[in-house]
Amino acid sequence: MKVTDKYIKPESIEELKQIVSEQDGRQIDGFIGLGCCRSSKTIWVEETPTGQFRFGVFNDIDGSYQSLSVNTIKTRSNIGEAVENGAFWFWNTN
């Protein structure tokens, strides 16, 4: 994970999970910059009735909501690709 005074950049989905989990239920704004594309998302932790971890994702561009597992965040959103390419970050508010 890369941390500066301005941003926090997860380098894997596991680091993304760690960052979001440490928010104690608060939502955190994430940003993606992939070439010509930019996307803003609000991410939080959800727990299913069976105790599984999920990411709650609100896509600012169209107002849509997604509930994604650690695996589906890689295939059903551009978040996985952005994290793998170093193009996903959170503002460092500490």
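The structure we're discussing is the one just above.
Residues numbered from 1 in each chain as written. Predicted model: local features only at pLDDT ≥ 70, side-chain atom pairs only at ≥ 80, totals over all residues. Heavy atoms only, no water.

> What is the right way to read the overall build of the protein from this model?
In terms of regular secondary structure, the protein is built from three helices and seven strands. Ordered by position from the N terminus, the helices and strands of the protein form the series β-β-α-β-β-β-β-α-α-β. Here the C-alpha radius of gyration of the protein, 12 Å, is about what a compact globule of 94 residues would show, namely 12 Å. Across the 94 residues in the protein, those meeting the buried criterion constitute 44%. By sequence separation, contacts in the protein at least 24 residues apart represent 44% of the contacts at least 6 residues apart. (Helix = DSSP H or I, 4+ residues; strand = E, 2+ residues; numbered from the N terminus. Rg over C-alpha atoms; globule rule 2.2 N^0.38 Å. Buried < 20%, exposed > 50% of the residue type's maximum accessible area, 1.4 Å probe, protein only. Contact = heavy atoms within 4.5 Å.)

> Mind showing me how you'd approach the environment of Ala82 here?
Its place among the elements puts Ala82 in helix α3 (residues 79-84). A relative accessible area of 0% places Ala82 in the buried class. Once the C-alpha coordinates of Ala82 and Lys17 are considered, the two residues, 65 residues apart in sequence, prove to be 14 Å apart.

Honestly, it's all geometry; don't read function into it.
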